[in-house]
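Summary of the model geometry
So the chains spell out like this:
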Amino acid sequence: MVQTESSGERKPIVQEALVQLIVFRLGTEEYGVRIEQVKEVTITPDIARMPKTPAFVKGIANLRGDIIAIIDLEERFGLRRGKNDLSTGITYTLAIEAHDYTIGIVVREVPQPLSLPVSAIERAPEFLQDSNIQEKYIEGIARFDSRIIIVLDMMKLLTPSEIMQLNPRAESSTARSRT
């Protein structure tokens, strides 16, 4: 498509790249995850508590035949639930698939898809990052209309030791390869 300027010049209109997010609420804030990091969204299945796991790990669940760890990001981030939390008791789980593991992120309302221009996501200031984590898991801050959405990089959310704790298959496959 070509646009005509008042000076008679023609400039092509460049379509800006879009990013698709799955947006959900933690505490009173909105968070987003790139859609390609989300395997599926489902009503949270029954969760079995696991001994000696961090408090933010709610337990494990059977999700379509896969046993995955279920994580509460509100607890992980130390967030308080919103005052207007009219939770019906039904929660939803975002199955996040990384290279070596799949985890479930529990949220209290139905996550919503959102497409926005890449330029709407600004780099997150360093002071917003968790100093206890090696990799920075806040990808950026998205401004969309009057909303502010914290965009998370789920592949950097857990530390390597937390991943090992949650992924017994990684330990057992390592042990098998040594024999």
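Since we're looking at a predicted model, the values are computed, not measured.

1. Focus: the nonpolar core
Core analysis: the largest hydrophobic core is formed by 29 residues, its most contacted members being Leu73, Ile105 and Leu152. Counting only elements with at least two residues in this core, the list comes to strand S3 (18-26), strand S4 (29-34), helix H1 (73-77), strand S8 (92-97), strand S9 (102-107), strand S12 (138-144) and strand S13 (147-152). Those residues in contact with Leu152, other than ones at most four positions away along the chain, are Phe24, Tyr31, Gly32, Val33, Gln37, Leu73, Phe77, Tyr137, Ile138 and Glu139. Formed by ten residues, the second largest nonpolar core is a distinct cluster that contains Leu21, Ala120, Ile149 and Val151.

2. Notes on the packing of aromatic side chains
Using the criterion set out here, one finds three aromatic pairs in the structure. Centroid distance Phe24 to Tyr31: 6.5 Å. Interplanar angle 15 degrees. Geometry classified as stacked. The exposure class assigned to Phe24 is buried, which follows from its relative accessible area of 2%. Tyr31 sits in the buried class, given a relative accessible area of 7%. Chaining the aromatic ring pairs together yields one cluster made of Phe24, Tyr31, Phe77 and Tyr137. The ring of Phe56 is capped by Arg76, whose NZ or CZ atom sits 4.7 Å from the centre of that ring.

3. Some remarks on the environment of Ser115
Its place among the elements puts Ser115 in strand S10 (residues 112-117). A sequence separation of 96 residues divides Ser115 from Val19, and the C-alpha atoms of the two residues are 5.6 Å apart. When near neighbours in sequence (up to four residues on either side) are disregarded, Ser115 contacts Val19, Gln20 and Phe144.

4. Thoughts on the pattern of salt bridges
Going through the model one piece at a time under the given rule, you end up with eleven salt bridges. For Lys39, the salt bridge goes to Asp66, with nearest N and O atoms at 3.5 Å. Taken as a pair, Lys39 in strand S5 (residues 38-43) and Asp66 in strand S7 (residues 66-71) lie far apart in primary sequence, 27 residues in all. For Lys39, a relative accessible area of 41% gives the class partly exposed. Judged by relative accessible area, Asp66 falls into the partly exposed class, the value being 35%. The partner of Glu122 in a salt bridge is Arg143, and the shortest N-O contact between them spans 3.3 Å. With Glu122 in strand S11 (residues 121-122) and Arg143 in strand S12, the pair connects residues that are 21 residues apart, well separated along the chain.

5. Focus on the sheet that holds S13
One open sheet holds the six strands; their spatial order is S10-S3-S4-S13-S12-S11, and the pairing between them is mixed. Because the sheet does not close on itself, it has two edges, and the strands there are S10 and S11. In terms of strand pairing, S3 meets S4 through six bridges, oriented antiparallel. Its bridge partner being in S4, Arg25 is matched across the sheet by Glu30.

6. Overview of the pairing of S8
For S8, the tally of buried residues reaches five of six residues, placing the bulk of the element in the interior. With five bridges joining them, S5 and S8 adopt antiparallel strand pairing. Bridge pairing in S8 links Val41 to Leu94. Note that S8 and S9 share six bridges and pair antiparallel. Of the residues in S9, the one forming a bridge with Glu97 is Thr102. In this structure, the hairpin formed by S8 and S9 is closed by a connection of four residues.

7. Digging into unusual backbone geometry
Positive phi, normally seen in glycine, also occurs at Arg64, with a value near 55 degrees. Along the chain, Arg64 falls in the loop between strand S6 (57-63) and S7. Not every positive phi belongs to a glycine, and Asp145 is a case in point at roughly 55 degrees. Relative to the assigned elements, Asp145 resides in the loop between S12 and S13. Take Asp145: its relative accessible area is 70%, and that puts it in the exposed class.

The rules behind each value
Residues numbered from 1 in each chain as written. Predicted model: local features only at pLDDT ≥ 70, side-chain atom pairs only at ≥ 80, totals over all residues. Heavy atoms only, no water. Core = buried A, V, L, I, M, F, W, Y, C linked by side-chain atoms within 4.5 Å. Buried < 20%, exposed > 50% of the residue type's maximum accessible area, 1.4 Å probe, protein only. Helix = DSSP H or I, 4+ residues; strand = E, 2+ residues; numbered from the N terminus. Contact = heavy atoms within 4.5 Å. Phe/Tyr/Trp six-rings, centres within 6.5 Å; stacked < 30°, edge-to-face > 60°. Lys NZ or Arg CZ within 6 Å of the ring centre and 35° of its normal. Salt bridge = Lys/Arg side-chain N within 4 Å of Asp/Glu carboxyl O. Pairing = 2+ DSSP bridges.

Shape is all these values report; function is a separate question.
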